[in-house]
Amino acid sequence: VHGDELNGIEIVRRILYNLDANRLNGTVVGVPIVNLQGFRRGSRYLPDRRDLNRFFPGSESGSMATRLARVIFESLIERCNYGIDLHTAAVRRTNFPNVRADLSDKKCAWLANVFGAGIILDGKGPKGSLRQEATAVGCPTIVVEGGEVWKVEPSVVECMTRGVFNVLIELGMMAGEPEIPLSQS
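Below is a short write-up of the structure. (Residues numbered from 1 in each chain as written. Predicted model: local features only at pLDDT ≥ 70, side-chain atom pairs only at ≥ 80, totals over all residues. Heavy atoms only, no water.)

Topic: the overall build of the protein chain
Secondary structure summary: the protein chain contains 6 helices and 4 strands in total. Its helices and strands in sequence order give the protein chain the pattern α-α-α-β-β-α-β-α-β-α, from N to C terminus. Projected onto its principal axes, the C-alpha positions of the protein chain cover 45 × 35 × 35 Å. Counting only residues that meet the buried cut, the protein chain has 44% of its 185 residues in that class. Carbon and sulfur atoms make up 51% of the accessible area of the protein chain, which amounts to about 9900 Å² in all. Across the protein chain, the 22 positively charged side chains and the 21 negatively charged ones have centroids separated by 5 Å. (Helix = DSSP H or I, 4+ residues; strand = E, 2+ residues; numbered from the N terminus. Buried < 20%, exposed > 50% of the residue type's maximum accessible area, 1.4 Å probe, protein only. Areas by Shrake-Rupley, 256 points an atom, 1.4 Å probe, with all protein chains shown as cover. Lys, Arg positive; Asp, Glu negative; His and termini not counted. Charge placed at Lys NZ, Arg CZ, Asp CG, Glu CD.)

So, in structure tokens, the structure goes:
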């Protein structure tokens, strides 16, 4: 969603590369780059300086942000049962890997816990954010934040990749045991 956040690209690549489609129960949709214009420019924003993550669910007319948000929402979000939105910190900040979720929604709370990041922050998210709007239409969605912009950080990628696999295991989509840090209960 933000073109300057690179860890998510590597996380999606690793997940899709390491999934065994013959042993997968269900469908995994991984989109490494949503904001291609921002990615090409190394920018969080669309060319019109709008933050795409404030325009969901979007509309069929209006700004580039509202139209792009609508296409993403209709073609992806409305077809999914769960969502994990991968992010990093903003410019000049670093985030320790954490999950942000609306803990008043039982499915979001469950998703946040089984991800296993160790830090969970409660909140619905900003108006127009992918996680808030997706959850509102029945696709419980969490945001996972970790690391810095413009970098692929191996320790963050490893932690967040493990978390996505934990969710897939707990959903019964793949075999295995989740790897949840000891501080989790």
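The rest of the description comes next.
Things to note about the pairing of strand S1 (residues 83–87)
Across the 5 residues that make up S1, a large majority, 4, are buried. Where S1 lies against strand S4 (residues 141–147), 5 bridges are found, and the strand directions are parallel. Each bridged residue has a counterpart across the sheet, and for His-87 the counterpart in S4 is Glu-145. (Pairing = 2+ DSSP bridges.)

Let's talk about the layout of surface pockets
Of the pockets and cavities examined, the largest pocket occupies roughly 1000 Å³. If you go around the largest pocket, you meet 44 residues; those closest to its centre are Val-29, Gly-30, Tyr-82, Gly-83 and Ile-84. At the level of secondary structure, the elements contributing two or more residues to the lining of the largest pocket comprise helix H1 (7–18), helix H3 (64–75), S1 and helix H6 (154–170). A total of 6 residues in the lining of the largest pocket trace back to one element, the largest contributor, which is H1. (1 Å grid on protein atoms, 1.4 Å probe; cavity = no way out; pocket = protein on both sides within 12 Å on 5 of 7 lines; lining within 4 Å. Points joined across faces, edges and corners; volume = space filled by probe spheres on them.)

Thoughts on the packing of aromatic side chains
Across all of its chains, the model carries 2 aromatic pairs by this definition. Relative to Phe-73, the ring of Phe-56 lies with its centre 6.3 Å away and its plane at 40°, an arrangement referred to as tilted. Linking Phe-56 in the loop between helix H2 (36–41) and H3 with Phe-73 in helix H3, this pair joins segments that are 17 residues apart in sequence. Of the two residues, Phe-56 and Phe-73, both sit in the buried class. Aromatic pair Tyr-82 and Trp-110: ring centres 6.1 Å apart, planes at 50°, arrangement tilted. One end of the pair, Tyr-82, is in the loop between H3 and S1; the other, Trp-110, is in helix H4 (residues 106–115), and 28 residues separate them in sequence. (Phe/Tyr/Trp six-rings, centres within 6.5 Å; stacked < 30°, edge-to-face > 60°.)

Quick word on the side chain of His-87
On the secondary structure map, His-87 appears in strand S1. We classify His-87 as buried; its relative accessible area is 4%. A distance of 3.2 Å separates a polar atom in the side chain of His-87 from a polar atom in the side chain of His-2. Beyond its immediate sequence surroundings of up to four residues, His-87 is in contact with Val-1, His-2, Glu-5, Asn-53, Val-143, Val-144, Glu-145, Gly-146 and Met-160. (Polar contact = N/O pair within 3.5 Å; in protein donor to acceptor, adjacent residues only side chain to side chain. Contact = heavy atoms within 4.5 Å.)

With respect to the environment of Met-160
Within the secondary structure, Met-160 is located in helix H6. Along the sequence, Met-160 and Val-12 sit 148 residues apart, while their C-alpha atoms lie 9.8 Å from each other. The residues contacting Met-160, other than those within four sequence positions of it, are Ile-11, Leu-86, His-87, Phe-115, Val-144, Glu-145 and Gly-146.

Regarding the sheet that holds strand S3 (residues 120–122)
What the 4 strands build is an open sheet, ordered S1-S4-S2-S3; its pairing is mixed. With one partner strand each, in any of the chains shown, S1 and S3 form the two edges of the open sheet. On average, each strand axis in the sheet is tilted by 25° relative to the strand beside it, whichever way the strands run. Against the sheet, H4 engages S1, strand S2 (95–101), S3 and S4, with an angle of about 35° to S4. (Axes fitted to C-alpha atoms, helices over the stretch in contact; angles between N-to-C directions.)

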